[in-house]
There are 2 protein chains.
Amino acid sequence: MAETVRDVVMIGAGPSALAAAIYTTREDIDTVLYEKSVVGGLAAITDVVDNYPGFEDGVEGLKLAEHLEKQAERFGAQIEFGDVSGIRQENGLNVVTVDGEDVQAKTVLIATGSDYKKIGVPGEKEFYGRGVHYCATCDGAFYRDKRLVVVGGGNSAYQEALFLTRYATHIDILIRSDVRASEVLQHDMQKFVDSGQVTLHLNTSTDEIVATDGRVSSVTVTENGESHSIETDGVFVFVGLLPNTDFLKDSGIELDEVGLIKTDAHLQTNLPGVFASGDVRSGATMQIASAVGEGATAALSIREYLDNKKD
Amino acid sequence: MAETVRDVVMIGAGPSALAAAIYTTREDIDTVLYEKSVVGGLAAITDVVDNYPGFEDGVEGLKLAEHLEKQAERFGAQIEFGDVSGIRQENGLNVVTVDGEDVQAKTVLIATGSDYKKIGVPGEKEFYGRGVHYCATCDGAFYRDKRLVVVGGGNSAYQEALFLTRYATHIDILIRSDVRASEVLQHDMQKFVDSGQVTLHLNTSTDEIVATDGRVSSVTVTENGESHSIETDGVFVFVGLLPNTDFLKDSGIELDEVGLIKTDAHLQTNLPGVFASGDVRSGATMQIASAVGEGATAALSIREYLDNKKD
């Protein structure tokens, strides 16, 4: 086991952890971030971020991720690639297992985010961000006066489809078996079905997302056993969230029913000295602005925790 | 009274309200902001913002404020100058009094921020941001290996002075009468007094902040009745916060003991449809990143509230 004890180990290097690291490192708190895939998280693989406050004409997701990374590194953040498989508490310290090695830390920030569940059909990965989307709040506004397809029949699919009615001229909702959305949401949706703005397709599997000249143009479906094609300008998939919390299963950290981490008002989990922020936190908005704001708030909580520990 | 009912009236046009407006207007929620002094709030009068995530080399406060304003206006936010004197609820609507006129709104976001209390001595206003500061988290890092003066003897002064010990070679703390900081903080401070890094000056009034070539160089004080001068590179004043909540005194909105607005996890106050975000909210961090993140979160809560109201 390493002899050194880090002030804070951050798990993940998306917008929330990078924002937190800007704060901690600027205050000379020794900070290391472990990222297992992409520095910048979902932001880095987003085409254009239109609503991150401060960039009046929007900003490429990759650019924003690079700005955040460089800003954190300017103050001394150490960003490492590494896969965290567990957290435990031992002798009043946190022990984080990274690529099989133990790293000791006075505090931990979990900011591993959540991923959107995929449907796994041809075209989904290829046209991600160019016609295939997972967040109506983020990308709905790009579809004013366009046709859309929504995939999913649960609460989130209905909520997001209702939200998209303010932009799209017509929405086809593709539901694999039966509607699982609440009565209230179904009632709200009925108005749009009656007006013709929304068409529900039950017992309908999504088979392929098809593009013309590099932009999504239609979706091939099997509806009640028959294959046909639906023209569209974009596809929004809402079949669930996958919080990146599998590695916490033996940690004793409390999760909510979806698998997101529960925190108090200071963003501390039920384990003292272990904090969580951003899209992995229960109550997350899946918005970069919120994730960044929570990262800053978590950093101030971490500083206070470390200061109190000194005595 | 005006016949029109606004979707959301935002009180204040600082970073938190502007971030919220970027979100609401992008979703076609009719939004008006009333600002009584400076669009951009405290950010607009900050020299350099070093830690707002996304600007790797920092950004001028005024520039950041302009970006936020233009981004909100790009999506259709209406920013008006106006002084709000009260909020009341009538017939299921919120009524906001602006320059004596009533404006009806389905929802309200209070984002009026807080100001730092001033000591009101010559030089304080003139050198604000160029040697006179009110936020150690924001500006402490500019004083690595420099001498500092801290004004104040309460908890916040002690906390911030302790924080500044990580940067400054020496700190003189000027306390008008007696120390009011907690025993714990006094105990923590004693270590730095013993080591000589901190000097406490009791019964000491701060008379003038003096500059040489436009930068703060000393402070004139009266200590135990005798006037003398203390050399310094900067002055941090921590004599309290002034939440901008006077106009809420008859509103029934719950405030905490400092006068900040209490909210739930969705940033709603005790009045339905009335939300609060940023530095006016109980638990505020006085950080632009947090204020912006809360603005985005509040906007999503407002959207949900409006959607539920539609039925």
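A quick note: this is a predicted structure, and the numbers were derived from the prediction, not measured.

Rules used throughout
Every residue gets a number counted from 1 within its own chain, in the order that chain's sequence is written. Chains and ligands are labelled sequentially in the order written, the chains with letters from A and the ligands with numbers from 1. Two thresholds apply to this predicted model, a pLDDT of at least 70 for residue-level local features and 80 or more for giving and counting side-chain atom pairs, whereas whole-chain, interface and lining totals are computed over all residues. In computing side-chain properties, one takes all heavy atoms of the structure into account and sets aside hydrogens as well as water. When a carboxyl oxygen of Asp or Glu lies within 4 Å of a side-chain nitrogen of Lys or Arg, that pair is called a salt bridge. The helix and strand labels rest on DSSP assignments: H or I over at least four residues marks a helix, E over at least two residues marks a strand, and numbering proceeds from the N terminus. In this scheme, a residue with accessible area under 20% of its type's maximum is buried, one over 50% is exposed, and one in between is partly exposed, where area comes from a 1.4 Å probe on protein chains only. Two rings from Phe, Tyr or Trp (for Trp, the six-membered ring) form a pair when their centres sit within 6.5 Å of each other. Planes less than 30 degrees apart are called stacked, planes more than 60 degrees apart edge-to-face, and all others tilted. Superposing the copies works by least squares over the C-alpha atoms of residues that have pLDDT at least 70 in both of them. Working rule for contacts: check all heavy atoms of both residues, and any pair within 4.5 Å makes them a contact. Here, a disulfide means two cysteine sulfur atoms that sit within 2.5 Å of each other. Multiplying one less than the number of residues by 1.5 Å gives the expected span of a helix. Accessible-area loss on putting two parts together, using a 1.4 Å probe and summing over both, is the definition of buried area adopted here. Any pair of nitrogen or oxygen atoms within 3.5 Å is treated as a polar contact; in protein, a donor-acceptor pairing is required on top of that, and neighbouring residues in sequence qualify only through side-chain atoms on both sides. Residues were grouped as follows: Ala, Val, Leu, Ile, Met, Phe, Trp, Tyr, Cys and Pro as nonpolar; Asp, Glu, Lys and Arg as charged; and all remaining residues, including Gly, as polar. Each domain span listed reflects an automatic or database assignment of domains.

Draft legend 1. Focus on the pattern of salt bridges. Within the structure shown, the criterion is met by 22 salt bridges over all chains. The closest approach of N and O atoms between Arg144(B) and Asp28(A), which form a salt bridge, is 2.8 Å. Pair noted here: Arg144(B) is in the loop between α4 (136-139) and β11 (147-151) and Asp28(A) is in the loop between α1 (15-26) and β2 (31-35), and the two residues belong to different chains. Take Arg144(B): its relative accessible area is 36%, and that puts it in the partly exposed class. The exposure class assigned to Asp28(A) is partly exposed, which follows from its relative accessible area of 42%. One salt bridge connects Glu294(A) with Arg281(A), and the closest N-O pair in it is separated by 2.8 Å.

Draft legend 2. Structural context of the packing of aromatic side chains. Residues and elements named next belong to chain A. Within this structure, the stated rule accounts for 16 aromatic pairs over all chains. Look at Tyr116 and Tyr134: their rings are 5.7 Å apart centre to centre, the planes differ by 20 degrees, and that puts the pair in the stacked class. Remark: Tyr134 occurs in the loop between β10 (132-133) and α4 (136-139) and Tyr116 occurs in strand β9 (residues 114-116); sequence separation between them is 18 residues. Accessibility assignment for this pair places Tyr116 and Tyr134 in one class, buried.

Draft legend 3. Representation of the relation of the copies chain A and chain B in the model. The two copies are related by a screw motion: chain A maps onto chain B through a turn of 180 degrees and a shift of 0.0 Å along the axis, at an RMSD of 0.0 Å. The symmetry that links the two subunits is that of a two-fold axis. In terms of proximity to the rotation axis, the leading residue of chain A is Gly293(A), whose C-alpha is 2.1 Å off the axis. Looking at chain A, 100% of its interface residues are interface residues in chain B too, so the copies touch through the same face.

Draft legend 4. Seen up close, the state of the cysteines. All names here are of chain A. Scanning all chains against the criterion turns up 2 disulfides over all chains. Between Cys135 and Cys138 runs a disulfide, and the two sulfur atoms are separated by 2.2 Å. Taking the torsion about the S-S bond as the criterion, the Cys135 to Cys138 disulfide, at about 70 degrees, is right-handed.

Draft legend 5. Structural detail: the environment of Phe192(B). Residue and element names in this part refer to chain B. Looking at the secondary structure, you find Phe192 in helix α6 (residues 183-195). Along the chain, Phe192 and Thr165 lie 27 residues apart, while their C-alpha atoms are 8.0 Å from each other. Not counting residues within four places of it along the chain, the set of residues in contact with Phe192 comprises Leu162, Thr165, Gln197 and Val198.

Draft legend 6. Geometry of helix α7 (residues 288-309) of chain A. Taking 1.5 Å of rise per residue, the 22 residues of α7(A) would be expected to cover 32 Å, and the 31 Å separating its terminal C-alpha atoms lies within 8% of that figure. Counting buried positions along α7(A) gives 18 out of 22 residues, so the element sits mostly inside the fold.

Draft legend 7. Geometry of the interface of chain A and chain B. Contact with chain A, which involves 47 residues of that partner, is made by 47 residues of chain B. Interface of chain A and chain B: buried area, both sides summed, is about 4000 Å²; carbon and sulfur atoms make up 43% of it. Applying the counting criterion to the chain A and chain B interface returns 8 salt bridges. Residue Arg166(B) is joined to Asp307(A) by a salt bridge in which the shortest nitrogen-to-oxygen separation is 3.5 Å. Inspection of the chain A/chain B interface yields 38 residue pairs in polar contact (both at pLDDT 80 or more). Elements that contribute at least two residues to the side of chain A that touches chain B include exactly α1, α3 (61-74), α4, α6 (183-195) and α7 of chain A. Considering every element that reaches the side of chain A that touches chain B, the biggest residue donor is α7(A), with 9 residues. Considering only residue class, the side of chain A that touches chain B consists of 19 nonpolar, 11 polar and 17 charged.

Draft legend 8. Layout of the side chain of Asp7(A). All names here are of chain A. Examined against the element boundaries, Asp7 turns out to sit in strand β1 (residues 5-11). A polar contact of 2.9 Å, which involves the side chain of Asp7, links it to the backbone nitrogen of Asp30. At 3.2 Å, the side chain of Asp7 and the side chain of Lys106 are in polar contact. Non-local contacts of Asp7, meaning those with residues more than four positions away in its chain, are made with Asp28, Ile29, Asp30, Lys106, Thr107 and Leu306.

Draft legend 9. Fine view of the domain arrangement of chain A. All names here are of chain A. In terms of domain boundaries, chain A breaks down into domain 1 (5-115 + 241-310) and domain 2 (118-237). A straight line from the C-alpha centre of domain 1 to that of domain 2 covers 32 Å. Every contact between the two is made by 8 residues of domain 1 and, on the other side, 7 residues of domain 2. The junction of domain 1 with domain 2 conceals about 570 Å² of combined surface from both sides, 53% of it contributed by carbon and sulfur atoms. Linking domain 1 with domain 2 are 0 residue pairs in polar contact (both at pLDDT 80 or more). Its residues placed into classes, the side of domain 1 that touches domain 2 shows 3 nonpolar, 3 polar and 2 charged.

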